[in-house]
Number of protein chains: 2
Amino acid sequence: MALWFGQAMLADGWRKDVRVTVADGRIARVEAGVGAQADDERHGVALPGLPNVHSHAFQRGMAGLAERSGEGTDSFWTWREAMYRFVDRVDSDALRAIAALAYVEMLESGFTRVGEFHYLHHDPAGAAYGDPAEMARAVVEAARESGIGLTLLPVFYAHGGFGGEAPGVGQRRFVCDVDGFAQLVEAARGALRGLDGAVLGIAPHSLRAVTESELAAILPLAGEGPVHIHVAEQQAEVDGCLAWSGRRPVRWLIDHAPVDERWCLIHATHADEEELAAVARSGAVVGLCPITEANLGDGIFPARAFLDMGGGIGVGSDSNVRIDAAGELCMLEYGQRLARRERNVLAGGPGRSTGGTLWRACVAGGAQALGQECAGIVEGAVADMVSLREDDPALAAREGDALVDGLLFAGGRVDSVWRGGRRLVSGGVHVGRAAIEARYRDALRGLLA
Amino acid sequence: MALWFGQAMLADGWRKDVRVTVADGRIARVEAGVGAQADDERHGVALPGLPNVHSHAFQRGMAGLAERSGEGTDSFWTWREAMYRFVDRVDSDALRAIAALAYVEMLESGFTRVGEFHYLHHDPAGAAYGDPAEMARAVVEAARESGIGLTLLPVFYAHGGFGGEAPGVGQRRFVCDVDGFAQLVEAARGALRGLDGAVLGIAPHSLRAVTESELAAILPLAGEGPVHIHVAEQQAEVDGCLAWSGRRPVRWLIDHAPVDERWCLIHATHADEEELAAVARSGAVVGLCPITEANLGDGIFPARAFLDMGGGIGVGSDSNVRIDAAGELCMLEYGQRLARRERNVLAGGPGRSTGGTLWRACVAGGAQALGQECAGIVEGAVADMVSLREDDPALAAREGDALVDGLLFAGGRVDSVWRGGRRLVSGGVHVGRAAIEARYRDALRGLLA
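The notes below deal with the structure included here. (Residues numbered from 1 in each chain as written. Chains lettered and ligands numbered in written order. Predicted model: local features only at pLDDT ≥ 70, side-chain atom pairs only at ≥ 80, totals over all residues. Heavy atoms only, no water.)

### Concerning helix 14 (residues 433-448) of chain A
- Taking 1.5 Å of rise per residue, the 16 residues of helix 14 of chain A would be expected to cover 22 Å, and the 22 Å separating its terminal C-alpha atoms lies within 8% of that figure.
- Among the residues of helix 14 of chain A, those classed as buried are Arg433(A), Ile436(A), Glu437(A), Tyr440(A), Arg441(A), Ala443(A), Leu444(A) and Leu447(A). (Helix = DSSP H or I, 4+ residues; strand = E, 2+ residues; numbered from the N terminus. Expected span 1.5 Å × (residues − 1). Buried < 20%, exposed > 50% of the residue type's maximum accessible area, 1.4 Å probe, protein only.)

### Focus: the side chain of His54(A)
All names here are of chain A.
- With respect to the helices and strands, the residue histidine 54 is situated in strand 5 (residues 50-55).
- A relative accessible area of 0% places histidine 54 in the buried class.
- When residues no more than four places from it in sequence are discounted, the contact partners of histidine 54 are Gly115, Phe117, His230, Ile266, His267, Cys289, Gly316, Ser317 and Asp318. (Contact = heavy atoms within 4.5 Å.)

### A closer look at the packing of aromatic side chains
All names here are of chain A.
- Counted under the stated rule, the structure contains 26 aromatic pairs over all chains.
- Consider the rings of phenylalanine 162 and tryptophan 244, whose centres lie 5.5 Å apart with planes at 20°: the pair is stacked. Within this pair, whereas phenylalanine 162 is found in the loop between strand 7 (149-156) and helix 4 (178-192), its partner tryptophan 244 is found in helix 6 (residues 235-245), the two being separated by 82 residues in sequence.
- Residue classification places phenylalanine 162 among the buried positions, given a relative accessible area of 15%.
- The ring centre of tryptophan 4 lies 5.7 Å from the NZ or CZ of arginine 42, which sits over that ring.
- Above the face of the phenylalanine 409 ring, arginine 337 is positioned so that its terminal group lies 5.3 Å from the ring centre. (Phe/Tyr/Trp six-rings, centres within 6.5 Å; stacked < 30°, edge-to-face > 60°. Lys NZ or Arg CZ within 6 Å of the ring centre and 35° of its normal.)

### Some details on the relation of the copies chain B and chain A
- Rotating chain B by 180° and moving it 0.0 Å along the rotation axis overlays it on chain A with an RMSD of 0.0 Å. Both copies are brought into coincidence by an operation consistent with a two-fold rotation axis.
- A symmetric contact is evident, with 100% of the interface residues of chain B recurring at the interface of chain A. (Least-squares fit on C-alpha atoms with pLDDT ≥ 70 in both.)

### Structural notes on the sheet that holds strand 16 (residues 422-426) of chain B
Residues and elements named next belong to chain B.
- Judged by pairing direction, the sheet is mixed, and its eight strands sit side by side in the order 3-2-1-4-14-15-16-17 without closing on themselves. A strand with exactly one partner marks an edge of an open sheet, and here the two such strands are strand 3 (26-31) and strand 17 (429-430).
- Where strand 15 (residues 414-419) meets strand 16, three bridges bridge the pair, whose relative direction is antiparallel. Paired with arginine 419 across the bridge in strand 16 is arginine 422. (Pairing = 2+ DSSP bridges.)

### Quick look at the interface of chain B and chain A
- Of the residues lining the interface, 69 residues belong to chain B; the matching set on chain A comes to 69 residues.
- Summed over both sides, the interface between chain B and chain A buries roughly 5500 Å², with carbon and sulfur atoms accounting for 53% of that surface.
- At the junction of chain B with chain A, the criterion picks out four salt bridges.
- The set of elements that each furnish at least two residues to the side of chain B that touches chain A consists of helix 1 (76-87), helix 9 (290-295), helix 11 (325-340), helix 12 (354-369), helix 13 (401-409) and helix 14 (433-448) of chain B. (Buried area = accessible area lost by both parts, 1.4 Å probe. Salt bridge = Lys/Arg side-chain N within 4 Å of Asp/Glu carboxyl O.)

### A few points about the packing of helix 7 (residues 249-256) of chain A against helix 8 (residues 273-282) of chain A
All names here are of chain A.
- For the pair helix 7 and helix 8, the least separation of the axes is 9 Å and the interaxial angle reads 35°. When you trace helix 7 past helix 8, the crossing you get is left-handed. For the pair formed by helix 7 and helix 8, the contact residues are Pro249, Val250, Arg251 and Ile254 on the first element and Glu274, Glu275, Ala278, Val279 and Ser282 on the second.
- Per-class residue counts for the contact of helix 7 with helix 8 are five nonpolar, one polar and three charged. (Axes fitted to C-alpha atoms, helices over the stretch in contact; angles between N-to-C directions. Left-handed = near helix turned anticlockwise from the far one by under 90°. Nonpolar A, V, L, I, M, F, W, Y, C, P; charged D, E, K, R; others polar.)

### Focus: the layout of surface pockets
- By volume, the largest pocket amounts to about 1900 Å³.
- The wall of the largest pocket is formed by 50 residues, among which Arg322(A), Arg413(A), Arg322(B), Gly411(B) and Arg413(B) lie closest to the centre.
- Taken as a whole, the second largest pocket encloses approximately 290 Å³ of empty space.
- Surrounding the second largest pocket, 15 residues form its lining, Leu65(B), Ala66(B), Arg68(B), Ala82(B) and Arg85(B) being those nearest its centre.
- Here the residues of the lining of the second largest pocket are counted per class, giving six nonpolar, four polar and five charged. (1 Å grid on protein atoms, 1.4 Å probe; cavity = no way out; pocket = protein on both sides within 12 Å on 5 of 7 lines; lining within 4 Å. Points joined across faces, edges and corners; volume = space filled by probe spheres on them.)

### Let's talk about the pairing of strand 14 (residues 385-388) of chain A
All names here are of chain A.
- The side-chain alternation of strand 14 yields two buried faces, one formed by Met385 and Ser387 and the other by Val386 and Leu388.
- Here strand 4 (residues 41-48) runs beside strand 14; their pairing, made up of four bridges, is antiparallel. Pairing of valine 45 across the sheet is with leucine 388, part of strand 14.
- Sheet topology places strand 14 next to strand 15 (residues 414-419); four bridges connect them, and they run antiparallel. Pairing of valine 386 across the sheet is with valine 417, part of strand 15.

So this is what it looks like as structure tokens:
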């Protein structure tokens, strides 16, 4: 099969008249400056698919339900109480229904792989399911139905606060000990068998939820796979970590764990300069979730400083309050602009486009964070691609990186999406949307009744 | 004609099974708790249409073209240079083509009336057109073609800086003296004749562009119509005003002009508490443009404090870098959350929804700012309405204000839009989009060639 594009973002820059030959789900050949052949599918503009480094898929079902004020000042912590109430009602069927719609929406927006930070392990009473992979299997089936690439990150969650504090009742569906976690990881590995392009990693939830010895005990379970952790999302977490250990959370992590290229630090919003430098040196990726971080009032990550240190970034849709690949990059840049009262903060130098720079950075950083061996429109890579229509009015008469700026900032829309060479989205709509949407609505009616 | 909705946001709150009878473009009757009659059009959820208080329609054509770094630090001021270069090439045909698409996009997103802050008066050489309304007529025709409600605000622009500084060459198409402006306003009045629901106001551009005596001379030209002015968008403007007058710009304006309910202060980003209190007392509306203010790195308006003082707000799409009614309200709230590290900052009290509160506030404030005599889904008002689909997955199993939260924060989509009782948008697409979009693309190819 061959696809032909009027313009494409390749590893060495933008090229016109690009023919991409796909075989066995991978890009077998990339030719630029050539005409389309008779059987080629013709499209407008090709971009590499964007990895989504951080998702809690079930939270898509409560999107918009926590935008109502409680008593007193609302914060991340009051939101978390609302999330705990919602999660109490989610069983494996509901999880599968919600996750499948979330993954459909991810593909439609241009995300081709998701890192599912999966912590919903036990039944509503907090007891282990007969099959430890009961809930993981729902995530896997949702990925299979939608066709998205899945990096499954079973979460280790043992405590309710720094220093091994006992977990709260709202956390009963998440918690396990090291042995139980080893079983969960093994069961997840089984559940992933046969899923095309699946990657398995692990995710110690946060320094609130994991002790030093537990962290050391679970890390070998990752094998060569990625390791993700929430860190420094809220100032209260920084304060709590300082009170407990005398160190800030990112500093503590770097000092107590073998943080390297396999790691992805989710949020790191309140990292200071010294911590950022240490992360950049480690080779770890920072997983930013700009829409969720705005929604939860987390704050603004010092992205300019981190990129200047050579740090790698990816983006994630996290709470899935809104699923929008371009919107995440837009919000990332807009947060910087509002904080610094400047423009094109993350463009990275004279003449460079903010959109093009961010798309490339988050394709590379995201692929690393999700354990993909190679990314981008390049021979040998998995054929994960996004196309835009050249006649989209938001992109009219644009070329090269200006097309990405139009996608991020001016309301340009994704047209088609391929994952592993399969065209899953056409005209902006996922091929399986209707049935997945109907099942989602049924599930929501049950959950919110 | 009657429309029947499963749920509707009425003046006295949410009601179910609502029948709205429309006659001569106005809402003749509103009944709640009644069944649909045989000939009624049935829809899901009804909201009042949102007024867009601030637009420079031609800037839609350069959306995304200034997201590329220049030399040194980019800012509002370097963006303005890019805008001046673009505007040099826009003639009345191009303006009409661009504005028509912008207005189509506004309607599709839920804006039913636009305040066009119109300063592009002269030909590319800076000479007056034979018909002073040459460019205004292009705006009027674009409004007519799209069907959007138009409040036309011809702009008085005479100077390039505080204290009557001479205008720069980039401003040559905007500038005129008081007599020339009187002719422009008269010509605009003529151009609006026959346009259903048209309102005429005036807009002194900013305190940079207008002297005290000029301001006094032009105000009578507004008659009973609205008066809009840019103020305190950038810290540099505050500094410039202080250096020139010893007062901050909002303070200067309140002290030197009869600011009252007819006025709309656009941005007011860098107003201090004392200025905010004076604006709130005046009854003027503050016109916030959150997406543009993020894009331009303006900063974050202290909206919580202003609303607590009883201040009125509306929203505008301003540079039209992205046209998204719900997105403006979302960005307004997200800016507050990022700055304060709280959630539901603008909800306005326990149990209140952020989305519902903001939608109502901006319908009321926007209508006031655009010279509408009455707004909302209420007998006697012009029938400007928006519907959502109850089966939109982002709104599944939601009721009342949670639907608005779903629209703003969770990716819910507008289905149909009525302006003056005419259904202009159906299934999210404007009835005239195809032809208007094609003409826009042709115009852009010419402009960007």
